[in-house]
Amino acid sequence: MNIQRATPINELLARIIFLLIPTAVVGYYLLDYANAYYAILRNQAWQQTLYLTAGMVASAIFYAFRFRFLPTFILLVFVLYLGYEGLDRSGSGEFDAFFIARAFQVSAILFSLGWLIGWGFMRVRYWSVLLAALLLSGCILVISRMKTDSVDELLRAFAPAALYAVYIIFTAEQIYNYKDKSQKFWWFLSRRLTLFGLLAVLLLGSVIYAMQEEIKETVANHGGGGKEGENSMLKEDKNGHFDLKDYSRLSGSLGRNNELLFCAYIDNYFEGTDVPNPLYLTAFHYTKFDTLTETFERDSLIPKNDLFEPDPAAIPLFNTRADSSVIANSMGPNLRKTIEIQVYTRKLSPHTYLAPSTGYFVQPITVEKDFRDEFKTAFRAKSYASELNSAYFVYNADDPQIQMFQQQRFEILRRAKGYEHTDSAFMAYYTEMPDDAKFNVISTLADSITRDAKTAVDKVIAIRDYFLSKDENGNPLYRYTDNPGIPDIPSASKLMYFLFENRQGYCAYYAGATLFMLRSLGIPSRITVGFLTVDRSNKNKGWYWYYADQAHAWVQVYFPGFGWLDFDTTVGNDDARESPQPDQTPPMQPPKAWLAAEGIVASIDTGKKLLTMNVRRMVFHDKEYEVKPPAAISMDVHIAAIRKDSIEIPLSEVQKGDDATAVSYADAIRKMKPAPNETGVALSKRLPEPAPIDEVYVKQKDLAPQEQKAAPEEKEQPVTLKQMAIVTLWIALAALLLTFLAPMLVYRYFLLRHNLAKPAGQKAYWAYRTATFYLHQSGMPRGHLTPMRYALTVVDPTLGTSFVPFMNIYLKQKYAGQALNKNEETYIGGFLSAFLKSVRNKIPLKKRLTGFLSPLRAWNYFVQPEGASNTENDKD
């Protein structure tokens, strides 16, 4: 018996609902894991799934109309390639162009892949078998690289893919082999799939139950798989610069990457000594735990935000940026002082700001010319730092002197006030814990560890000591490893496995576990990301060298009156303390710039070595002044080094109209003190005449008209991935809507052409096209009948209309070429309106509406035999 297929529209909808949507779900599963490994995907699996799904659905609808695959697919790829090239060249900056183009590249690849999958489901008989094999292979590859912490995790990773493989093959065959063309199609398919689902769950559950012990043994023997060095908190851009990952999820610790990123001079010594007191450098915090995704996140809407995040690369040389609000928000007035630091970047991104907690000031500075081949950029920073913060106090060390320093710190903190009078909103935010019952075991562990501790600091110490404790055999209870599994933040499940089972992890594991235990005890805490500072140099005191493996995560704890203090509970990681090579010679520190004046060169006197500038902005003793209107300041440049584009030039090459910055380190400027409430104009009048200048930095002369100078302010913002996903979704929805509205649009087009035509011209032809299309969509197709036979045997007998008389007049005009008389023109002019009214009265609205929502039926109208294939029969 021949197989009868379901109606085209039912088959298309069934493939979309039962094949494409489950495939999109599995696609999200694989993309979510892929995002953990490839930084270019930028942790946006749900958006990428939208691209994949849009491609599949659009392709399924498109190829339902029997278009050829190869030429249309090549055209699609070509259009997407042009879009990619256009975005790659239109970015507003070097980094913007790179990431926007890469984002579009990812979306284009996924959309094309979805297009290919949709075509396969519509056209290839055993496509489901091939796809199931490929997805199972991809799933096995993912599992082989991830850490299988438990049987549950292994099953969560593999079972969905296994079920999908069987499901997709079974369902595709059910749709293809459906034999009844009646309206029982959906009941038949739903019943079969429900029975399949129940049977699959029963069989899988039975296998798992019967082989549970064998699976556990396999997991125990073969768990792991994260690759050495992939647990990176750093990302590398196309220029080879590294930046701390600012994702919604904290990545793991760094592998053993020993590239030198930067060096820093920290002007901090123990009081009354020349012993350096190193400080950890903070980049940002993770303060919020998302219970839905079980991940730590950054949050800009936190109470008392004390994080200063400028972009040093976006600030003009010697200009300053400061934010005093972070000092107030640090809520720690006791034992605080200002610490100055200078950072010289080598491989670190110039956009990254680092400072001891709490940074509040930044000023880009120059690198001495002898060190410019090694260090690319530099900046000064200031921090409102606690005297109780120290890398010696933070890190777990065995040195007796360091332990003595720690005890002094702890004694001070034991006298800190309790949290009874701390702002309730602040406390609620920083002690928030998931209310899921599974987190109770962490709370129980924290209570048992700290049962003898009375103060908050003693509880922190107890948690630190717990990680340093030994088991009954004298071996360390916890160990440091760079290879605990997939390079991503440990989720709640992974943290529990870390705390209660394998007890091996990197810094993010210790920081996350410590945070949960502290918060369960009601102690405000947060995760901090930055760099571990190690004092390795005996000859260059105050200088510290930072390698890639020093990217780090630790915990900050809030103490009333003392603010946020650093605590590092990560067990010993000797590799991170040892330099892979001896520390080099630090760059020569430039003297402090007491004055930096920006403006336009007004005149040059090469004989007297004088320069006059119309100054519009000044930085004086680290304070910025706007000079309105610009003031003409005479400058003595006898000893000044003049540079243009990093090349030293003579004064004679400076031109009137050049944009320049003049810098003074002179003692005469140092001795001048800022006056209270002084304006920039008043300060310019107090400067020596002429003002002594040590360096002049000349910019390229800007010859663009004023309107063009403002252009950067008016540039369009780069398109974000979210915006791109929304646009793609709307385009897909619009295409889908347009497809289903196509029959009505065709009908309206025919009707419009009929109404505009003259009775003596094409009116009969458009009346014929409109009438036959309307009948076709209403469930009365002509099929292989000639137009006259169709009118004579189908239309008039069924509907009681007068289609045959119309056909006689139409065919007379079409084949005999005879002009219509007045009566015939009148008849043709009024025929269509009366005919359509009769059809509507005889065919139910539901049937007509269903037909006009079927694009496949409309397509069949245009591919049926055209016109009258037998002229004599038409004339019968």
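What counts, and at which threshold
- Every chain begins its residue count from 1, and numbering advances along the sequence as written.
- Restriction of local features to residues with pLDDT of at least 70 applies here, the model being predicted, together with a cutoff of 80 or more for giving and counting side-chain atom pairs; totals for whole chains, interfaces and linings are based on all residues.
- No hydrogens and no water enter the side-chain calculation; it runs on all heavy atoms of the structure.
- Each pair of strands is called paired provided DSSP finds at least two bridges between the two strands.
- The numbering of helices and of strands both runs from the N terminus, where a helix is a DSSP run of H or I of at least 4 residues and a strand a run of E of at least 2.
- Whether two residues are in contact is decided by their heavy atoms: any pair within 4.5 Å suffices.

Asker: Could you clarify how one ought to interpret the pairing of strand 18 (residues 610-620) in this entry?
Answerer: Consecutive side chains of a regular strand alternate in pointing toward one face of the sheet and then the other. In this sheet, strand 18 lies alongside strand 17 (residues 595-605) in antiparallel orientation, the contact comprising 10 bridges. Paired with Val 601 across the two strands is Met 613, which belongs to strand 18. Where strand 17 folds back on strand 18, the antiparallel hairpin that results is connected by 4 residues, among which Lys 609 adopts a positive phi of roughly 55°. In sequence, strand 18 turns back onto strand 19 (residues 623-636) through a hairpin of 2 residues, with His 621 there showing a positive phi of about 50°.

Asker: Explain the sheet that holds strand 24 (residues 695-698) to me, please; I cannot follow it from the model alone.
Answerer: Two modes of strand pairing occur in sheets, parallel and antiparallel, and in both the strands are linked by backbone hydrogen bonds. The strand order across the open sheet formed by 8 strands is 21-20-24-22-17-18-19-23, and the pairing between neighbours is mixed. Every other strand in the sheet has two partners, leaving strand 21 (647-648) and strand 23 (691-692) as the edge strands with one partner each. Across 6 bridges, strand 17 lies against strand 22 (residues 659-664) in antiparallel orientation. Across the sheet, Glu 598 pairs through a bridge with Thr 661, a residue of strand 22.

Asker: Would you explain the sheet that holds strand 8 (residues 336-345) in this entry?
Answerer: The 6 strands are arranged 7-9-10-8-3-14 in an open sheet whose pairing can be described as antiparallel. Sheet topology places strand 7 (321-322) and strand 14 (543-547) at the edges, where each strand pairs with a single neighbour. Of the strand pairs in this sheet, strand 8 and strand 10 (residues 377-386) are connected by 10 bridges, and their pairing is antiparallel. Each residue of the ladder has a partner; that of Arg 336, found in strand 10, is Ser 386.

Asker: Looking at this structure, I do not really get the environment of Ala 771. What am I missing?
Answerer: Along the chain, Ala 771 turns up in helix 23 (residues 763-777). For the pair Ala 771 and Phe 835, spaced 64 residues apart in the sequence, the C-alpha separation amounts to 7.8 Å. Apart from the residues within four sequence positions on either side, Ala 771 is in contact with Phe 803, Leu 832 and Phe 835.

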